[in-house]
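Close look at the chain arrangement
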Amino acid sequence: MDKKLQITRSVQVFEEPLLFERSRPGRVGVSLPSDDSNLPLEIDSSLLRDPADLPLPEVSEPEVVRHFTRLSTWNYGIDLNLYPLGSCTMKYNPRINEEIAADSAYANLHPSLPAEFAQHGIRITYELQEILKTVTDMKGITLQPAAGAHGELTGLFLVRAYLEDRKETHKTVVLVPDSAHGTNPATCTLAGFSVRELKSTEEGLLDVEALKAALTPDVAALMITNPNTLGIFETNIAVIADLLHKNGSLLYMDGANYNAIVGKVSLGKMGVDISHLNLHKTFSTPHGGGGPGAAAVVVSERVVDFLPGPIAEKKKDGTYGWTTASKSIGRVKAGPGHFGMIIRALTYILSYGNQLHRVAEQAVLNANIIRRALEEFFQPASPLDTMHEAVFSDAKQRKTGLETIHLAKTLIDYGYHPPTIYFPLSVKGAIMIEPTETESPETIAHFCEVMKDLAGRMAAQDESMKLSPQKSYVRKIDEVEAARKPVLNYFTKKT
Ligand SMILES: *Cc1c(COP(=O)(O)O)cnc(C)c1O
């Protein structure tokens, strides 16, 4: 059969240039707008310009629909199957979130609208602020940051403002455990602090003795992830907080893994001063493909006066407005934050009512089912109990010549997105699996069967795994060639 005529995966596969170049002069795809007969027909001539000379595509509606539907089948998404990317909390995004966020009353709300015309939007922001303060048991909050890493940067700006206010500018060092997410040390550097790395214990916890030794007068803060990137709860957190505070230092908790403890613990009682929560992880706003994300930064009494503005407030007369903290560091972003994410997060939380803690319970249960099912086949990274993610190493497999990368790539041929691999760096050949609470027992069981099958193939030194993926739209990529001769433009002809 002529390859160009071949129909695979029930959708047509076109060769270039037909793949994207579907425009033909004169072809139109018009959907009639809703009744706009009341709009003025004439545009004020001062607003007109010469016609723009843009080569806009001319395509019919079915062509457009098929084009994007076809593209969507080449990708992998949470709406297709399990997405066990550890530390990323790729949970299902409930449709009700999307429905409410798309309501024109919210979707068309301009960020610069005067407060009196944007009461509903400010109220939503305020409600989310109040709920997250209550859930975390913290004193203050900002919803401005555009992502987790941006929340970290905001948090470290708060640390700096706090220290400057106390005239303790000699405190310039931030302690970061060796299991930290890469954004943590990067944020420290960007915020003008230097990083001192802390070794973890054999079990994967922060070493309290190492912390005591590292706590010199120049320490501004500790950045710790809890549960940490091994999926383990730092049980010494209150002791750690105490040590820091006695040293005049602050405790920053990376809350990217908050899914494991949401509604279960008090960050306030843990002694946390600053923490970012990724709305796009724990609170089910979509992510992947570069965003948009959003983070909440919750803070203790120590730094509440330095929060960035504007912060939504409820006034005495019951109306809503914006306020700024007394010694605010200023804005960290234009507008009041990613409102589309704020409204999705609030919808998600309200749909759980007072059962939000069940998210954490189910997420931890699912991760432990995977841990138990696979610990005989893959080496767990820690002997301690797993929270929301199960981390293994490829220690049992490496001698076969097949390692984590081959496992991850072959999983794609079984129809699964690979887990996070080779992170945290402290675990050699790490395989970090986070199922989240939204997966059914059947999906979890099937995934475990696939993982066991792969363990068997690795033990049998199945070299064909090195050729995977072979069943995905894009086959195994020649990474050396891709790095040396990158094709960055689809017009570039293959040579
Ligand atoms: C995802 C993540 C971050 C960064 O958050 P972004 O929203 O991706 O910027 C930081 N720390 C940990 C542990 C994470 O998992």
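Residues numbered from 1 in each chain as written. Predicted model: local features only at pLDDT ≥ 70, side-chain atom pairs only at ≥ 80, totals over all residues. Heavy atoms only, no water.

What follows concerns the domain arrangement of the chain. Assigned domains within the chain: domain 1 (97-354) and domain 2 (357-483). Between domain 1 and domain 2, the contact holds 24 residues from the first and 23 residues from the second. The largest share of the area that domain 1 buries against domain 2 comes from Leu230, Asn259 and Ala260, three residues that together contribute 28% of it. The tally of links from domain 1 across to domain 2 stands at six residue pairs in polar contact (both at pLDDT 80 or more). For the side of domain 1 that touches domain 2, the residue count by class is 11 nonpolar, 10 polar and three charged. (Domains from an automatic or database assignment. Contact = heavy atoms within 4.5 Å. Buried area = accessible area lost by both parts, 1.4 Å probe. Polar contact = N/O pair within 3.5 Å; in protein donor to acceptor, adjacent residues only side chain to side chain. Nonpolar A, V, L, I, M, F, W, Y, C, P; charged D, E, K, R; others polar.)

With that out of the way, let us pick up the side chain of threonine 125. Residue placement: threonine 125 occurs in helix H4 (residues 119-136). Only 2.9 Å separates the side chain of threonine 125 from the backbone oxygen of glycine 121, close enough to count as a polar contact. (Helix = DSSP H or I, 4+ residues; strand = E, 2+ residues; numbered from the N terminus.)

Here threonine 410 lies in helix H13 (residues 404-413). Given a relative accessible area of 1%, threonine 410 falls into the buried group. (Buried < 20%, exposed > 50% of the residue type's maximum accessible area, 1.4 Å probe, protein only.)

Let's shift gears to the pairing of strand E13 (residues 390-393). Burial along E13 is two-sided: the residues Ala390 and Phe392 and Val391 and Ser393 are all buried. The pairing of E13 with strand E15 (residues 431-433) spans three bridges and is antiparallel. Paired with valine 391 across the strands is methionine 432, a residue of E15. (Pairing = 2+ DSSP bridges.)

Moving on, we get to helix H8 (residues 237-246). Every buried residue belonging to H8 is among Ile237, Ile240, Ala241 and Leu244, and all of these are buried. All buried residues of H8 project into a common sector of 100° when viewed along the axis, lining one side. If you follow the buried residues of H8, they end up packed against helix H7 (208-214), strand E6 (219-225), strand E7 (250-254) and helix H9 (267-270). (Arc of directions from axis to C-beta.)

Pairing between the strands of a sheet comes from backbone hydrogen bonds, and it takes one of two forms, parallel or antiparallel. Judged by pairing direction, the sheet is antiparallel, and its four strands sit side by side in the order E12-E13-E15-E14 without closing on themselves. The strands lining the two open edges of the sheet, one partner per strand, are strand E12 (379-380) and strand E14 (420-421). Running over the sheet, helix H12 (residues 357-374) touches E12, E13 and E15 and is turned about 25° from E13. (Axes fitted to C-alpha atoms, helices over the stretch in contact; angles between N-to-C directions.)

What follows deals with the packing of helix H2 (residues 95-102) against helix H11 (residues 339-352). The geometry of H2 relative to H11 is characterised by a closest axis approach of 9 Å and an angle of 135° between their N-to-C directions. Between H2 and H11, the crossing angle belongs to the class labelled oblique. For the pair H2 and H11, the sense of crossing is right-handed. Side by side, H2 and H11 meet where Ile96, Asn97, Glu98, Ile100 and Ala101 of the first sit next to Gly340, Ile343, Arg344, Thr347 and Tyr348 of the second. Among the residues making up the contact of H2 with H11, the classes are represented as five nonpolar, three polar and two charged. (Parallel < 35°, antiparallel > 145°, perpendicular 65-115°, else oblique. Left-handed = near helix turned anticlockwise from the far one by under 90°.)

Grouped together as the largest cluster of nonpolar side chains are 57 residues, with contacts concentrated most on Leu128, Leu132, Leu175, Leu222, Leu267, Leu279 and Phe283. Ranked by residues supplied to this core, first place goes to H11 with eight residues. Each of domain 1 (97-354) and domain 2 (357-483) contributes no fewer than three residues to this core. For leucine 267, the residues in contact, after removing those within four places along its chain, are Thr136, Met138, Met253, Tyr258, Ile261, Val272, Ser275 and Val298. By size, the runner-up hydrophobic cluster in this structure holds 27 residues, among which are Val159, Ala161, Val176 and Ala221. (Core = buried A, V, L, I, M, F, W, Y, C linked by side-chain atoms within 4.5 Å.)

Around the ligand, the structure places 13 residues, and the nearest of them are Ser87, Gly148, Asp254, His280 and Lys281. A distance of 3.0 Å separates an oxygen atom of the ligand from a polar side-chain atom of asparagine 278. Within the shell around the ligand, the residues separate by chemical class into three nonpolar, seven polar and three charged. (Near = heavy atom within 4 Å.)

Right, let's talk about the pattern of salt bridges for a bit. Counted according to the given criterion, the structure contains 21 salt bridges. A salt bridge links glutamate 209 to lysine 212, with the shortest nitrogen-to-oxygen separation between them at 3.3 Å. In this pair, glutamate 209 and lysine 212 both sit in helix H7, three residues apart, roughly one turn of the helix. Judged by its relative accessible area of 52%, glutamate 209 is exposed. With its nearest N and O atoms 3.2 Å apart, the salt bridge here joins aspartate 242 to lysine 246. Linking aspartate 242 with lysine 246, this pair stays in helix H8, spanning four residues, or about one helical turn. Members of the salt-bridge network, linked through shared partners, are Arg371, Arg372 and Glu375. (Salt bridge = Lys/Arg side-chain N within 4 Å of Asp/Glu carboxyl O.)

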